[in-house]
Amino acid sequence: MLLFGLDLDYVAVVMLFCVGLYMLVAKSNLLKKLLGLNVMETAVFAFIVTAGMVEGGDPPIMVAGTSAPFASPIPHAMVLTGIVVAVSVTAVALALIVQIHAHFGTIEIDELKELP
Amino acid sequence: MTGPWAEALPWVIALPLVGAALTPAVAVRRPRAAGFWAWGVLLVTAVLAAGLVSELLARGPFSYELGGWPAAYGIELRFDHFSAWVLPLALLFVVIVPFSWRYLDHVMPDERRPPFYALLLLNAGGMIGFCVTGDLFNLFVFTEVVSLSSYALVAVGGRGLAAFAALKYLFIGAVSSLLMLFATAQLFVLTGSLNMAEVSLRLAEVGGGTAVMVAFAAYAVSFMVKAAMFPVHVWLPDAHAIAPSPVSAVLSGMVVKVGIVGMLRVYQIYYGAEVLELGAFNLALVWLGAVSIVMGAFFAIFQDDIKLMLAYSTISNIGYIVLGLGLASPYAVIGASVHVFNHALIKATLFLAAGSIIHQTGFRTLSDLRGVARAMPQTSAAMAIGAVSIVGLPPTAGFVCKWYIALGAFEANQAPFGFALVFGALFIFIYYIRMLNAFYFQKPVHAAVAQASETPWSMRGPVVLLASLCLILGVLGGIPLTFVEPAVLDLLPLWGP
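*Asks:* How do you make sense of the environment of Ala 163 of chain B when you look at a structure like this?
*Replies:* Summarising the element assignment, Ala 163 of chain B is placed in helix α6 (residues 160-191). Note on Ala 163 of chain B: relative accessible area 0%, which makes it buried. When near neighbours in sequence (up to four residues on either side) are disregarded, Ala 163 of chain B contacts Leu 96, Gln 99 and Ile 100 of chain A together with Ala 155 of chain B.

Pasting the structure below:
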């Protein structure tokens, strides 16, 4: 689908990416920064998923009645791996945020910067 | 035709990764055993890596198809001349791990050792995988293995501040990894393949265009962040200074090189395809490299904390490497590629020596550490050798590469950058002179510094060994050249001016 001569899905992906980047850069709360990072990740995953789309393609599962063309399965494998990586990054970040909160009593970056 | 060692290619990645997973189980009753286990695993890995290099020297680059899938469909592991970097990498780990056995006594309680060594093994496995993979998506996965273990390793020793430094590193690192994933996806959309060689071939058919350029730009920015070049270096100093010293040695010496090796890989794809005119980008690299050298040195001069000073010096040295790559003349690229290795060696020497001094005295600033050379002569001598090497004075390891890069600047008719390089070296010399002056020629201000004893042998051995290697490689500078020269000359006929 086209919007102003651009693919609509790509427009959505870029917008989502920018929303995430804005959250990551502009928010002061570490947790919100992490959410922003997750939104950015989602944008990239969505971009990869759209890459696997084939016009009129069947799912690449060999059962009776399926015929070519097939949707490409590789992007899905990539996104699955990407999600695993993103979850690990989120887990490590959350653990670090917990530790920061336990030590300094705050997770607002402007308050953290005022600490000696 | 491949020899028996070619079969070891998947094992050199699998061994440290499996070893990492098993570490907590091995050390469940005796946490201190984790250190010996990690060392053993890395030792075997280093032997395998040596076998792979011998195969490379005997028969040239070779591949391994994972799971028996042909390269265009499955994941291909490829061992070429740039991959030979895994041997020094594994060997440096073998030297650094014994150092951490005793060093960790002051840093963390015994029960936290198994996770620490597991992370170190993961880091090693990820970097080895990064160097030998021939698949773009696999490259991303190994980058994330390296990055994630690095974030955790920064935080492992300390509490609040370390966690904050690690989180800052994580946010910037995660965005750069995302850019890399995006670029990978972009190339996949354009070419329908993830295999590097295949992508390069198909890119030639696709031709140039905005999308190809966007993918290149995303890769370039991503790897610049990983390598901590000047405008995007902000995560490095805190993370590298606050981590335990063996970790600083790993991060500063090897993990930042992930960005450089990645850049070389992307160059291989794009130069092979000849779709983009990269002259302007190379010029940008040269300028960024020159600015990194000067700014790294400039910040380092004002540091009092020795580890922070060493961390800023890493930014300068990455600047040298990037400058050499951007100059794109044979001498410069050879010098830069050799510096990838030599800087790892020198920085490991410096960080381990600095770690020993901090460990024995409890102080970490230059003003507190005055006169420490009298109490710790051997460690200080190693530190001095490291300092002379990193400035690039003959006859040390640093001289060879910087000389080559400077020659390359004149070869590429970019003489001003040759002078910038020499000027940068002088700048760097100033702050190392400051350090040596404080260590050797000033009177101790603290009793603890005057009465400090030398480190135990398990710590002093690695430091002395690394320092002597800095000297030996200065004299026998040709050894790394054997690996780098064919790789660079393969690349350069395609390399634009």
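*Asks:* Can you walk me through the nonpolar core in this structure?
*Replies:* In a soluble, globular protein the nonpolar side chains are often hidden away together inside. In this structure, Met 254, Tyr 270, Tyr 432 and Phe 439 of chain B are the most contacted members of the largest nonpolar core, which totals 229 residues. Look past the residues within four positions of Met 254 of chain B in its chain and what remains in contact with it is Trp 85, Leu 89, Leu 92, Phe 93, Ile 96, Met 127, Ala 249 and Ala 344 of chain B.

*Asks:* I'm lost on the domain arrangement of chain B in this one. Help?
*Replies:* Accessible area lost upon the coming together of the parts serves often as the stated size of an interface. All names here are of chain B. What the domain assignment lists for chain B is domain 1 (1-134), domain 2 (158-276) and domain 3 (280-497). Each of domain 1 and domain 2 was reduced to a C-alpha centroid, and the two centroids are 21 Å apart. Domain 1 puts 23 residues into the contact, and the matching count from domain 2 is 23 residues. Regarding the contact of domain 1 and domain 2, the summed buried area is about 1,900 Å², with carbon and sulfur atoms giving 72% of it. Its largest share of buried area at the contact with domain 2, domain 1 owes to Phe 82, Ile 96 and Phe 130, together 29% of the area lost on that side. Inspection of the domain 1/domain 2 interface yields one salt bridge. When the shortest N-O distance is used, the salt bridge between Asp 80 and Arg 265 registers 3.1 Å. Inspection of the region where domain 1 meets domain 2 yields seven residue pairs in polar contact (both at pLDDT 80 or more). For the side of domain 1 that touches domain 2, the secondary structure elements donating two or more residues are α3 (86-103) and α4 (113-132). Take the side of domain 1 that touches domain 2: its biggest share by element is seven residues, from α3. Counted by class, the side of domain 1 that touches domain 2 contains 16 nonpolar, five polar and two charged residues.

*Asks:* Please explain the packing of aromatic side chains as it appears in this structure.
*Replies:* Centre-to-centre distance and the angle between the planes together describe a pair of aromatic rings. All names here are of chain B. Inspection of every chain in the model, using the stated rule, returns 24 aromatic pairs over all chains. With 5.5 Å between their ring centres and 25 degrees between their planes, Phe 99 and Tyr 103 make a pair best called stacked. Taken as a pair, Phe 99 and Tyr 103 lie in helix α3 at a separation of four residues, close to a single helical turn. Grouping residues by exposure puts Phe 99 and Tyr 103 together as buried. By way of ring pairs, the aromatic residues Phe 216, Tyr 267, Tyr 270 and Phe 281 are connected into one cluster. The ring of Trp 457 carries Arg 460 above its face, with NZ or CZ at 4.4 Å from the centroid.

*Asks:* Can you help me understand helix α1 (residues 9-26) of chain B in this one?
*Replies:* Structurally, the α-helix is built with 3.6 residues per turn, so residues lying three or four positions apart point the same way. Residue and element names in this part refer to chain B. Over its 18 residues, α1 runs 25 Å from end to end, which matches the ideal 26 Å to within 8%, given 1.5 Å per residue. Ala 20 marks where α1 bends most, by close to 35 degrees; the proline Pro 24 follows one to four residues later. Taken together, the buried positions of α1 are occupied by Leu 9, Pro 10, Val 12, Ile 13, Pro 16, Gly 19, Ala 20 and Thr 23. Where α1 is buried, its residues meet α2 (33-59), β1 (62-65), β2 (76-79), α4 and α5 (136-155).

*Asks:* Whenever I open this one, the interface of chain A and chain B confuses me. Can you help?
*Replies:* Contacts between the two partners involve 32 residues from chain A and, on the opposite side, 27 residues from chain B. Of the roughly 2,600 Å² buried where chain A meets chain B, counting both sides, 90% is carbon and sulfur surface. Where chain A packs against chain B, one counts zero salt bridges. Linking chain A with chain B are zero residue pairs in polar contact (both at pLDDT 80 or more), by the criterion used here. If you list the elements that add at least two residues to the side of chain A that touches chain B, you get α1 (8-26), α2 (30-51), α3 (74-104) and α4 (109-114) of chain A. At 16 residues, α3 of chain A tops the list of elements feeding residues into the side of chain A that touches chain B. For the side of chain A that touches chain B, a count of residues per class yields 24 nonpolar, six polar and two charged.

*Asks:* How should the pattern of salt bridges be read in this particular structure?
*Replies:* Side chains that differ in sign of charge can pair as their charged atoms come close. Residues and elements named next belong to chain B. For the structure shown, the criterion picks out eleven salt bridges over all chains. The residue Glu 55 makes a salt bridge to Arg 59 at a minimum N-O spacing of 3.2 Å. In this pair, Glu 55 and Arg 59 are both assigned in helix α2, four residues apart and thus about one turn of the helix distant. For Arg 59, a relative accessible area of 47% puts it in the partly exposed group.

*Asks:* Just to check I follow, could you spell out the packing of α2 of chain B against α4 of chain B for this structure?
*Replies:* Each pair of packed helices gets described by two things: the angle between the helix axes and the distance between those axes. All names here are of chain B. With their axes 9 Å apart at the nearest point, α2 and α4 run at an angle of 15 degrees to one another. In terms of orientation, α2 and α4 fall into the roughly parallel class. Of the two elements, α2 crosses α4, and the hand of that crossing is right-handed. Counted together, Ala 34, Gly 35, Trp 37, Ala 38, Val 41, Leu 42 and Thr 45 of α2 and Arg 113, Pro 114, Tyr 117, Leu 121, Ala 124 and Ile 128 of α4 form the full contact between these two elements. Considering only residue class, the contact of α2 with α4 consists of ten nonpolar, two polar and one charged.

*Asks:* Honestly, the packing of helix α16 (residues 377-391) of chain B against helix α20 (residues 457-475) of chain B in this entry has me stumped. Any pointers?
*Replies:* All names here are of chain B. Where α16 meets α20, the axes come as close as 9 Å, and the angle between the chain directions of the two elements is 30 degrees. Taken together, α16 and α20 sit at an angle that is classed as roughly parallel. Handedness of the crossing formed by α16 with α20: left-handed. Taken together, the residues of α20 that come into contact with α16 (itself represented by Gln 378, Thr 379, Ala 382, Ile 385 and Ser 389) are Trp 457, Arg 460, Val 463, Val 464, Ala 467, Cys 470 and Leu 471. Split by residue class, the contact of α16 with α20 holds eight nonpolar, three polar and one charged.

*Asks:* I would appreciate a short explanation of the side chain of Asn 342 of chain B in the present structure.
*Replies:* All names here are of chain B. Inspection of the secondary structure puts Asn 342 in helix α14 (residues 330-361). Residue Asn 342 is classed as buried on the basis of its relative accessible area of 2%. Aside from chain neighbours lying at most four places away, what touches Asn 342 is Ala 397, Cys 401, Leu 473 and Pro 480.

*Asks:* What exactly am I supposed to notice about α2 of chain B here?
*Replies:* Over its 27 residues, α2 of chain B runs 39 Å from end to end, which matches the ideal 39 Å to within 8%, given 1.5 Å per residue. Positive phi shows up at Gly 60 of chain B, right after α2 of chain B, with a value of about 85 degrees.

*Asks:* Help me understand unusual backbone geometry in this model?
*Replies:* One can expect most non-glycine residues to show negative phi and most peptide bonds to be in trans. All names here are of chain B. Located in the positive-phi region is Ala 228, a residue other than glycine, with phi close to 60 degrees. If you trace the backbone, Ala 228 turns up in the loop between α8 (210-227) and α9 (236-242). Here Ala 328, not a glycine, exhibits a phi torsion of approximately 55 degrees, which is positive. By secondary structure assignment, the location of Ala 328 is in the loop between α13 (306-327) and α14.

Procedures and definitions
Residues numbered from 1 in each chain as written. Chains lettered and ligands numbered in written order. Predicted model: local features only at pLDDT ≥ 70, side-chain atom pairs only at ≥ 80, totals over all residues. Heavy atoms only, no water. Helix = DSSP H or I, 4+ residues; strand = E, 2+ residues; numbered from the N terminus. Buried < 20%, exposed > 50% of the residue type's maximum accessible area, 1.4 Å probe, protein only. Contact = heavy atoms within 4.5 Å. Core = buried A, V, L, I, M, F, W, Y, C linked by side-chain atoms within 4.5 Å. Domains from an automatic or database assignment. Buried area = accessible area lost by both parts, 1.4 Å probe. Salt bridge = Lys/Arg side-chain N within 4 Å of Asp/Glu carboxyl O. Polar contact = N/O pair within 3.5 Å; in protein donor to acceptor, adjacent residues only side chain to side chain. Nonpolar A, V, L, I, M, F, W, Y, C, P; charged D, E, K, R; others polar. Phe/Tyr/Trp six-rings, centres within 6.5 Å; stacked < 30°, edge-to-face > 60°. Lys NZ or Arg CZ within 6 Å of the ring centre and 35° of its normal. Expected span 1.5 Å × (residues − 1). Bend = angle between axes of the 7 residues up to and from the residue. Axes fitted to C-alpha atoms, helices over the stretch in contact; angles between N-to-C directions. Parallel < 35°, antiparallel > 145°, perpendicular 65-115°, else oblique. Left-handed = near helix turned anticlockwise from the far one by under 90°.

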